[in-house]
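These are the residues of each chain, in order.
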Amino acid sequence: MPDPTTDRLSDSFQIGRASRYAAPEFEDQSLPIIYGDLTVPSREKAGVYAPPKIDTAGDGVYCVAGHEIWGGVVLFDDDGRIEADNYTLEVAQNYQGRGVIATAAFTTPPKGRVTAVCKGRKTAAGGLIENPAEIVHDLMASVWGFSEQDVDMQALARAATSAKALGYRAGGIIMDDHAPADVLTALLGDFLGRYEIDPFGRLRIHIAGGESFMNSPQKVLPRFGQSHIEAEIARDTVINQVPALYARNYPDARYIKHDDGGTTQNRSSQRLYGVRRPPESPLRLEWVRRESVAATVQSRIVGRYHEPTRILTIEDGSLRALEVEPDDYVAFSVPWMRSKKLEPLVNQIGEVIEVNYDLGEQGMELKIRDTGFFLTSSPLLDGAKILEGDWLLGAERDVATYA
Amino acid sequence: MKRATDRAVKDIAGHEGKTALVLYHLSTAGGKRVFCGKQAPDSLIGQGGRIHFLDGSRILDGSLLLGEGAEVLLGVHDWIEDGGRFSLGAFQGPSILEAFREKELSGLTIAINNAPDMDGHPRMSRMLATEPFVGGRVDVRVGFSGQNISDVLSIASFTIRRITERIESVTIECEGN
């Protein structure tokens, strides 16, 4: 039986430090864990992180990464880009027998502080790991010491597919001791993704995909009593412009790139509700380095939240929605509420945002985001319907009772 | 959507007004104990055993006991006083964008009655003295009477972080894994 006290998401993970080597410059310096393509955006005068000097002998040896890397290394010092002739690069070297790292051994001493860019960890097949879901898998299995058994691999594959379809490519560095849960939140949050612990104790990740065609509901909720349902629409939920900072520069904890969100703003929403930005604006996208990826994230946030979101809170005192989890799409009916077309809200499709269980009272509470979509009916054209212009084929709300 | 048998789904859909049986499976290095609010039938408890996903990460070389019997079942106790509450998908902040960026990992706190056993000694205190509860795992499951172990629905999994022991009750605080 595995020891349940080890390998926990909320426990601090100790990153490797320079102290493991014989003559480092500073023993407390961490060996960076690098993902993605840090050569983007291109840098001419300085790199985006400062590799630790792990050996002061001779002209010095720097740890470019605390693991094998894909390559693409460029080093800089106070004079700018360092000629490749001035150092010997090893993208995978078992340095001093203390594990495989990437090193740069100088043959001509650099001037001042050394900084670097590179392309980070790679797959067994040699490809650069950039997909955020694949980064999560690599961190879990190869860095933090979890086993495949600790990850819901099906959910991971779905998240990887979503991320790939949306063109998401992540890049970033882990340079401090950290709780895996914090890194997961930061990494996935940048791409509208999140994680849960499933009922079997496994990590389950989710990256929100496109909504208009992927949200066929997994369950039709039973009709709950009127007193157990409330809806809230708040202006705070509107986001119609997303200023963003991305391409982090680690030595000075700043961001190289800024976008005011002008190209992805929604002007019609702004006319109605004013310019509404995220609560913490500008959004700091720590794991985003590319303009195209930042623009995708910005436009997806605006696309999702440019209208006030109706959040329904449903109290279920009978546990009849027990199988429902966050990120599930469900069909729900609240006939006393109305849709935008003033129809009774029947078979409306919602995304489950939060599930609260009260096991003492044996009840649960669901928070559901109204997507605005609904189940549609599919009438048989058997002569019972006359097509005279009062019928929207395939677009009529299905008013049948399913649960 | 959580994994559930067709029969469990049918039970869930049709049990309005009835009482579900919430089971807390506490697994420690010493074995497993099942706690519940009222006595649960054996058919919903099983004989212990972790669920192993045969996805290629396990080698069936004789070192692993699959399913029942893989863990020692030490006892079933209907001593739960307060089953606690927890959230999935919880977030901080006013905007639902925070569901992605300010994620919270929910915990669970349950209270267990510590009444004296037949020897007059508080029964939970006796267990706490000998079994390594802290660091153990709590699996929350829900079943319905009349069904069997395969129809029990797994709801969540936690790790025990802290235990507060009082003469009348024991509080077990858990955190998300």
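Rules of the game
Residues numbered from 1 in each chain as written. Chains lettered and ligands numbered in written order. Predicted model: local features only at pLDDT ≥ 70, side-chain atom pairs only at ≥ 80, totals over all residues. Heavy atoms only, no water. Helix = DSSP H or I, 4+ residues; strand = E, 2+ residues; numbered from the N terminus. Buried < 20%, exposed > 50% of the residue type's maximum accessible area, 1.4 Å probe, protein only. Areas by Shrake-Rupley, 256 points an atom, 1.4 Å probe, with all protein chains shown as cover. Axes fitted to C-alpha atoms, helices over the stretch in contact; angles between N-to-C directions. Parallel < 35°, antiparallel > 145°, perpendicular 65-115°, else oblique. Left-handed = near helix turned anticlockwise from the far one by under 90°. Contact = heavy atoms within 4.5 Å. Nonpolar A, V, L, I, M, F, W, Y, C, P; charged D, E, K, R; others polar. Pairing = 2+ DSSP bridges. Domains from an automatic or database assignment.

Draft legend 1. How the structure looks around the overall build of chain B. When helices and strands are tallied, chain B shows three helices and nine strands. Along the chain direction, N to C, the helices and strands of chain B fall in the order α-β-β-β-β-β-α-β-α-β-β-β. Relative to its 177 residues, chain B shows a buried fraction of 52%. Of the roughly 8,100 Å² of accessible surface on chain B, 49% is carried by carbon and sulfur atoms.

Draft legend 2. Layout of the packing of helix 1 (residues 132-143) of chain A against helix 3 (residues 180-189) of chain A. All names here are of chain A. One way to put it is that helix 1 packs onto helix 3 with a least axis distance of 10 Å and a crossing angle of 165°. Considered as vectors, helix 1 and helix 3 are oriented roughly antiparallel to each other. The two elements helix 1 and helix 3 meet at a crossing, and its hand is right-handed. In this structure, helix 1 contributes P132, I135, V136 and L139 to the contact, and helix 3 contributes V183, L184, L187 and L188. Tallied by class, residues from the contact of helix 1 with helix 3 come to eight nonpolar, no polar and no charged.

Draft legend 3. The arrangement of the sheet that holds strand 14 (residues 244-249) of chain A in detail. Residues and elements named next belong to chain A. In spatial order, the strands read 15-14-16; together these three strands make up an open sheet with mixed pairing. Single-partner strands in this sheet number two, and they are strand 15 (254-259) and strand 16 (283-285). Here the strands of the sheet are splayed against their neighbours by 35° on average, with no regard to which way each runs. For strand 14 and strand 15, the ladder comprises five bridges, and the chain directions are antiparallel. Its bridge partner lying in strand 15, L245 is registered against H258.

Draft legend 4. Spatial organisation of the domain arrangement of chain A. Domain parsing of chain A yields domain 1 (17-119), domain 2 (213-234 + 308-374) and domain 3 (239-305). Taken over C-alpha atoms, the centre of domain 2 of chain A sits 29 Å from the centre of domain 3 of chain A.

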